[in-house]
Amino acid sequence: MTTPSSAPPERHVPVVVVGAGPAGLALANILRAASVGCVVLEAESREFVERRPRAGFLEEGAVRGLERRGLADRLLERAPTHTEFEFRFAGGRRRVACTALTGRRHFVYPQPLLVTDLVREYADVRSGEIVFGARDVEVHGIDGDAPSVSYTDPATGDPRVVRCGFVAGCDGARGVTRTAMPARHTTTARRDHGIGWLALLAEAPPSSDCVLHGVHSRGYAGHMARSPEITRYYLSCPPGDSPGNWPDERVWSELHTRLDVPGAPPLTEGRLIERRVLDMHNHVTEPMAYGRLYLAGDAAHLVSPIAAKGMNLALHDAFLLADALVAYHAEGDDSGLRGYSAAALRRVWQYQEFSQWLAELLHGPSSGDPWRAGTATARLRRVLDSPTAATAFSELYLGED
Ligand code: RFL
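Residues numbered from 1 in each chain as written. Predicted model: local features only at pLDDT ≥ 70, side-chain atom pairs only at ≥ 80, totals over all residues. Heavy atoms only, no water.

## Considerations on the sheet that holds strand β19 (residues 301–302)
At step 1: Pairing in this open sheet of eight strands is mixed, and the strands run β6-β5-β13-β14-β15-β12-β16-β19 from one edge to the other. The open sheet has two free edges, formed respectively by β6 (92–96) and β19, since each of these has just one partner strand.
At step 2: Note that strand β13 (residues 211–216) and strand β14 (residues 219–225) share five bridges and pair antiparallel. Paired with Val215 across the bridge in β14 is Tyr220.
At step 3: Strands β5 (85–89), β12 (187–203), β13, β14, β15 (231–237) and β16 (271–286) of the sheet are contacted by helix α7 (residues 248–259), whose axis makes an angle of about 85° with β15.
At step 4: Against the sheet, helix α9 (residues 335–363) makes contact with β5, β12, β13, β14, β15, β16 and β19, and its axis sits at roughly 130° relative to β16, the strand it touches most. (Pairing = 2+ DSSP bridges. Helix = DSSP H or I, 4+ residues; strand = E, 2+ residues; numbered from the N terminus. Contact = heavy atoms within 4.5 Å. Axes fitted to C-alpha atoms, helices over the stretch in contact; angles between N-to-C directions.)

## Some details on the side chain of Thr186
At step 1: Along the polypeptide, Thr186 turns up in the loop between β11 (159–169) and β12.
At step 2: Here Thr186 falls in the buried class, since its relative accessible area comes to 18%.
At step 3: A distance of 3.4 Å separates a polar atom in the side chain of Thr186 from the backbone oxygen of Pro182. (Buried < 20%, exposed > 50% of the residue type's maximum accessible area, 1.4 Å probe, protein only. Polar contact = N/O pair within 3.5 Å; in protein donor to acceptor, adjacent residues only side chain to side chain.)

## Here we look at the pattern of salt bridges
At step 1: Throughout the structure, instances matching the rule amount to 25 salt bridges.
At step 2: We note a salt bridge from Lys309 to Glu59, for which the minimum N-O separation is 2.6 Å. Here Lys309 is found in the loop between β19 and α8 (310–331), whereas its partner Glu59 is found in strand β3 (residues 57–59), with 250 residues between them in sequence. Comparing Lys309 with Glu59 shows no difference in burial state: the two are buried.
At step 3: A cluster of three or more residues bridged by salt bridges with shared partners is formed by Glu84, Glu86, Arg88, Arg93, Arg95 and Asp209. (Salt bridge = Lys/Arg side-chain N within 4 Å of Asp/Glu carboxyl O.)

## Digging into unusual backbone geometry
At step 1: Residue Pro287 follows Glu286 across a cis peptide bond; omega there is -10°.
At step 2: Within the fold, Pro287 resides in the loop between β16 and β17 (289–290).
At step 3: Phi is positive for Ala90, close to 50°, though the residue is something other than glycine.
At step 4: Among the residues examined, Ala90 registers a relative accessible area of 65% and is labelled exposed.
At step 5: Residues other than glycine seldom take positive phi values, yet Ala308 does so here, at roughly 55°.

## Observations concerning the packing of aromatic side chains
The geometry of two aromatic rings is summed up by the distance between their centres and the angle between their planes.
At step 1: This structure, assessed with the given rule, holds 14 aromatic pairs.
At step 2: Ring centres of Phe85 and Phe393 lie 5.6 Å apart, and the angle between their planes is 40°; on these two criteria the pair is classed as tilted. Pair noted here: Phe85 is in strand β5 and Phe393 is in helix α11 (residues 387–398), with a separation of 308 residues, a long-range link.
At step 3: For Phe85, a relative accessible area of 1% translates into the label buried.
At step 4: Accessibility expressed as a relative area gives 3% for Phe393, which makes it buried.
At step 5: Counting every residue linked through ring pairs, the aromatic cluster contains Phe85, Phe87, Phe354, Trp357, Phe393 and Tyr397. (Phe/Tyr/Trp six-rings, centres within 6.5 Å; stacked < 30°, edge-to-face > 60°.)

## Observations regarding the sheet that holds strand β4 (residues 81–82)
At step 1: Across the sheet, which stays open at both edges, the three strands sit in the order β3-β7-β4 with antiparallel pairing between neighbours. The open sheet is flanked by β3 and β4, the only strands paired with a single partner.
At step 2: When β4 meets strand β7 (residues 106–108), the two strands line up antiparallel, connected through two bridges. Along β7, the bridge assignment pairs Thr81 with Phe107.

## Description of the site of the ligand
At step 1: Taken together, 36 residues sit near the ligand, with Glu42, Arg52, Gln111, Asp298 and Met311 positioned nearest.
At step 2: Within the backbone of Gly56, an N or O atom sits 3.2 Å from an oxygen atom of the ligand.
At step 3: The separation between an oxygen atom of the ligand and a polar main-chain atom of Gly310 is 3.3 Å.
At step 4: Notes on the ligand: free accessible area 1,000 Å², of which the protein chains cover 91%.
At step 5: Of all elements in the fold, only α1 (22–33), β2 (38–42), β15, β16 and α8 reach the threshold of two or more residues within the shell around the ligand. (Near = heavy atom within 4 Å. Areas by Shrake-Rupley, 256 points an atom, 1.4 Å probe, with all protein chains shown as cover.)

## A look at the nonpolar core
At step 1: Core analysis: the biggest nonpolar cluster contains 78 residues, and Leu27, Leu58 and Leu75 have the highest contact counts within it.
At step 2: Considering every element that reaches this core, the biggest residue donor is α8, with ten residues.
At step 3: If we ignore the near neighbours within four places in the chain, the residues touching Leu75 are Leu58, Val63, Leu66, Phe107, Tyr109, Leu114 and Asp117.
At step 4: Residues Phe85, Phe89, Tyr220 and Ala307 belong to the second largest nonpolar core, which totals 29 residues. (Core = buried A, V, L, I, M, F, W, Y, C linked by side-chain atoms within 4.5 Å.)

These figures capture arrangement, not role.
So, in structure tokens, the structure goes:
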């Protein structure tokens, strides 16, 4: 049978996943393992998604979630873990032993490694279908029972249509699926911290065996290991600042000023291979589902990297949504799908609140407002001086199970 040349060829799969980031790939892998048919449509190339540098810390709960689904073998072989972190503050250094306080750890596993593992497992091991370079992705008919997703075939430039039972919108903060949610059925809550972070990657070995948070009157500075050769550094700066305002000498001078303390090993310097300004803002779209469209990860909620929560939330959403879709297809049980948005949002709001709380602790002392400086410093001293406060902090910092 031939398809009339005027109509794009159509096919049907149970689930179309838009976006091959941590959320979309974790979801697709779980569906594939449960024999729920799906196709992943990704705008970028495989090389691009496997190299995009971003997050570096996975919570123990996220790692165990991946492990239970057979997705953590390489991670568990290769990822070092952190059990403490350090505040550098008022010329001194104070460690918080968060694993001793909570029994949980942080896994240091850069996002490109996780994405590479998940693409390999889905496409090469489980033979899942993924279209890289899919252009013009559009979602249609989500309020009926036969939605579809159209896109332009990257190989031929021809239009394609995939009919499906469900669309999973995992296309990140700048994707298209969120815009398919009818405005009258959704609300988007926003919070702008009014600060920027100069995000840097340096070809330099980490200068400490743990994360360093420098809380200084000139601004925040962060040090986070990515690998034995690469360290991520952050410097708070005005929102919208230009990376061009930050030549190497200024970057290193400011990092030393904000992070050096007597008795600590000096910061190791190296070539800067990433230098970009991120404005610290957050948003949450509620509900995270409408009709046959379910949003997961940054497509539904953006959380600034201050508390390292975005990738962890993306995975948590993916696990919830995948389990709900598997239960629906295996047993006709739609309770998981009905409860998905509320269940995901509970953790989203916990982490947004924690991120906001930590943002004030880290940036209040350099805000120039004596009230904010005084209260933020009191907040920091409480975490450092009270084991109860340190435990409550560590539980959120290391994440929920
Ligand atoms: P992603 O990773 O953005 O993936 C979305 C995918 O969708 C594709 N896409 C489309 N595909 C088809 N059609 C379209 N129209 C499309 N539009 C977009 C994109 O190409 C992409 O492949 O979303 P996901 O899966 O929800 O994952 C979210 C995480 O990536 C994000 O939350 C984290 O990176 C945030 N984050 C951190 N999270 C942590 O948990 N721990 C950290 O230590 C941490 N550090 C960070 C971070 C984010 C950062 N940046 C750059 C914002 C550090 C930084 C600097």
